[in-house]
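Residue strings, one per chain:
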Amino acid sequence: MTFEAHLPVVAIVGRPNVGKSTLFNRLTGTRAALVSDLPGLTRDRRDGVTELFGVNLRLIDTAGLEEARQGSIADRMRKQTEQAIEAADLVLFVIDARAGVTAADTSFARIARQSGKPVVLVANKAEGRQGTDGVLDAFSLGLGAPIAISAEHGEGIGDLATDIFAALGLKIPKTGKKGRDDDDSAEAGDAKTPPPAPARPIRVAIVGRPNAGKSTLVNALLGEDRMITGPEPGLTRDSVASELSYKGQSILLFDTAGLRRKAKITETAEKLAASDAVRSIRFAEVVVLLIDAERPFEHQDLTIGHRVTEEGRALVVAINKWDLIPEKQKALRELKKTVAESLAQVPNVAVVAISARSESGLDQLMSAIIKTHATWNRRVSTPQLNRWLEEALSRHAPPAAAGRRIKIRYVTQPSTRPPTFVAFCQRADALPKSYIKYLTNSLREAFDLPGVPIRFSLRKGENPYAKK
């Protein structure tokens, strides 16, 4: 492979098994780099080209950095990585958010800092709840605010691309870019300028108890009988993906198996199907919890709802078979009250009454999905957050602990999907949960974040940007 001499060079580095090759494949849009759970699979540097915002960049995939004795294979692999850092204009330092910051991460972060090259800190494998602590711990590496991503599932890649451009001192081109040659010919322009990449579809998982009508709903949204349906519970086993477009927005729908209580699951096929459904929740962006209006909010419905919010996914509640309910207004009020009481950690979740069989309420459901997805992706600027913090503290000051005031100095939003906020303060462990809940509710109200999980964490320390 040959490269244009002027292409900016970006090296992807980190210890073994943090997902460097997966990120390389994601950015290049290929499967060129071998990917496995086996640590140390990559040994030689691999080069590729990625196009971000219409600009080509050269990527280098590197071997995992390891402490090694002189002359060993691991030592030679490390030298290759150090050469890649030396040749790079920018270093992407990757950590495993689920494993958190390790001693090896701390050691090799020093190498990245001492290189003198700009460094973007990437917290990979940050999807779901398990990666949150690792993303927050990454601040301790002294490489700036981490970018939370999932290279395997494509989450956070847009934020990463923006930070890569900023670190390289590049400006994101405006739309309507021309080809490399000033050829007014339409054919020449088409040949030399690739079409813009299509917008990523919103991944939506339809979940619920068996026989709630999930497959019927997917068929209704698609306008065709794509899924097998029937009165027998448990017809769906695999989580099946289907594409549709709604008012110009691409949607990827996942029909999932019905989820019963673990104690009732005995067959191997159902165990596998349930595991697949849970996995669909973890990697969805919006989860539609489908409720049977004739048997609303049984214990398993609430268990599924809690699982969705714990994973940090955006939630929409759809009440199916609404055409069978006689007193609709009274029933809807009661159902909304139950949702508010049972899912108090995510106030104002969208509740939509539908009938998949008669195809009523589907427009309202799709609108709720798109609106909730936008809220789940919302980012609040740091100046706005700190103005809010000042007002929140003035309205209700933190309680004293052992006769001493607790000072909250600074708040920032390291990631979206779901909105995640970190406040830096003295004696973070002494602040009561009731006050953290006050801050979370105040933040939700101030920045209009209804119906999505908010992660609000405290970290001990001063304002990390004070020196800057």
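Observations regarding the overall build of the chain
Item 1. Within the chain, the secondary structure is distributed over 13 helices and 15 strands.
Item 2. Taking all 468 residues of the chain together, 50% fall into the buried category.
Item 3. Sequence-distant contacts, at least 24 apart, represent 69% of the contacts inside the chain between residues at least 6 apart.
Item 4. Carbon and sulfur atoms form 49% of the exposed surface of the chain, whose accessible area is close to 23700 Å².

As for the packing of aromatic side chains
Ring pairs (aromatic) are described by centroid distance and by the angle formed between their planes.
Item 1. Counted according to the given criterion, the structure contains four aromatic pairs.
Item 2. With a centroid separation of 6.2 Å and an interplanar angle of 45°, the aromatic rings of Tyr410 and Phe424 are classed as tilted. You can see Tyr410 sitting in strand E13 (residues 408–415) and its partner Phe424 sitting in strand E14 (residues 420–425), a full 14 residues away along the chain. In this pair, the class of Tyr410 matches that of Phe424, namely buried.
Item 3. Centre to centre, the rings of Tyr435 and Tyr438 are 5.3 Å apart; their planes meet at 50°, and the pair counts as tilted. On the criterion of helical spacing, the pair formed by Tyr435 and Tyr438 is a turn pair, its members being three residues apart in helix H13 (residues 433–446).

Considering empty space enclosed by the protein
Item 1. Considering all chains together, one arrives at one cavity of 30 Å³ or more under this definition.
Item 2. Considering only enclosed or pocket space, the largest cavity measures out at about 210 Å³ in volume.
Item 3. Looking at the largest cavity, it is lined by 23 residues, and the ones nearest its centre are Ala126, Ala148, Ser415, Thr416 and Arg417.
Item 4. Listed by contribution, the elements that provide at least two residues to the lining of the largest cavity are helix H4 (132–137), strand E6 (147–148) and E13.
Item 5. For the lining of the largest cavity, the element with the highest residue contribution is H4, accounting for three residues.
Item 6. Looking at side-chain class alone, the lining of the largest cavity contains eight nonpolar, eight polar and seven charged residues.

A short note on the sheet that holds E14
Item 1. Here we have three strands laid out as an open sheet, ordered E13-E14-E15, and mixed in their pairing. This sheet does not close on itself; its edge strands, each paired only once, are E13 and strand E15 (455–460). Recorded for the sheet is a direction-independent mean angle of 25° between the axes of neighbouring strands.
Item 2. In the packing of helix H12 (residues 382–395) onto the sheet, contacts are made with E13, E14 and E15, and the angle to E13 comes to roughly 140°.

Thoughts on the nonpolar core
Item 1. In this structure, Val204, Leu217, Leu253, Val288, Leu365 and Ile369 are the most contacted members of the largest nonpolar core, which totals 29 residues.
Item 2. Sorting the residues of this core by element identifies strand E7 (202–208), helix H7 (214–222), strand E8 (240–246), strand E9 (249–255), strand E10 (286–292), strand E11 (314–320) and helix H11 (362–376) as the ones contributing at least two each.
Item 3. Of the residues forming this core, the biggest block, six residues, is contributed by H11.
Item 4. With residues up to four places along the chain from it excluded, the contact list for Leu217 reads Ile206, Leu290, Ile354, Ala356, Leu362 and Leu365.

Some thoughts on the layout of surface pockets
Item 1. Approximately 690 Å³ is the volume found for the second largest pocket.
Item 2. Looking at the second largest pocket, it is lined by 21 residues, and the ones nearest its centre are Arg129, Gln345, Ile454, Arg455 and Phe456.
Item 3. Secondary structure elements with two or more residues in the lining of the second largest pocket: H4, helix H9 (299–310), H13 and E15.
Item 4. Classifying every residue of the lining of the second largest pocket by side-chain character gives seven nonpolar, seven polar and seven charged.

Concerning the packing of H7 against H11
Item 1. Contact geometry for H7 and H11: axes closest at 11 Å, N-to-C directions at 95°. Between H7 and H11, the crossing angle belongs to the class labelled roughly perpendicular. On H11, the residues that touch Leu217, Ala220 and Leu221 of H7 are Leu362, Leu365 and Met366.
Item 2. Among the residues forming the contact of H7 with H11, the class breakdown is six nonpolar, no polar and no charged.

Here's the deal with the environment of Asp96
Item 1. Secondary-structure assignment places Asp96 in strand E4 (residues 90–96).
Item 2. A sequence separation of 82 residues divides Asp96 from Gly14, and the C-alpha atoms of the two residues are 9.2 Å apart.
Item 3. Leave out the neighbours within four places in its chain, and Asp96 touches Arg15, Asn17, Val18, Asn124 and Lys125.

Concerning the confidence of the model for the chain
Item 1. Averaged over every residue, the pLDDT of the chain is 81; residues scoring 70 or more account for 78%.
Item 2. Here residues 1–5 is a poorly scored stretch, pLDDT under 50, and it has eight contacts once near neighbours within four places are set aside; other chains count.
Item 3. Across residues 33–38 the pLDDT falls below 50, and counting only partners more than four positions away or on other chains, this stretch makes 16 contacts in the model.

Brief notes about the environment of Leu160
Item 1. Structurally, Leu160 can be placed in helix H5 (residues 157–168).
Item 2. Look at Leu160 and you get buried, because its relative accessible area is 0%.
Item 3. A sequence separation of 40 residues divides Leu160 from Val120, and the C-alpha atoms of the two residues are 8.4 Å apart.
Item 4. Ignoring sequence-local partners within four residues, the contact set of Leu160 consists of Leu23, Leu92, Val120, Val122, Ile147 and Ile149.

Reading the values: rules and limits
Residues numbered from 1 in each chain as written. Predicted model: local features only at pLDDT ≥ 70, side-chain atom pairs only at ≥ 80, totals over all residues. Heavy atoms only, no water. Helix = DSSP H or I, 4+ residues; strand = E, 2+ residues; numbered from the N terminus. Buried < 20%, exposed > 50% of the residue type's maximum accessible area, 1.4 Å probe, protein only. Contact = heavy atoms within 4.5 Å. Areas by Shrake-Rupley, 256 points an atom, 1.4 Å probe, with all protein chains shown as cover. Phe/Tyr/Trp six-rings, centres within 6.5 Å; stacked < 30°, edge-to-face > 60°. 1 Å grid on protein atoms, 1.4 Å probe; cavity = no way out; pocket = protein on both sides within 12 Å on 5 of 7 lines; lining within 4 Å. Points joined across faces, edges and corners; volume = space filled by probe spheres on them. Nonpolar A, V, L, I, M, F, W, Y, C, P; charged D, E, K, R; others polar. Pairing = 2+ DSSP bridges. Axes fitted to C-alpha atoms, helices over the stretch in contact; angles between N-to-C directions. Core = buried A, V, L, I, M, F, W, Y, C linked by side-chain atoms within 4.5 Å. Parallel < 35°, antiparallel > 145°, perpendicular 65-115°, else oblique. pLDDT = per-residue confidence, 0-100.

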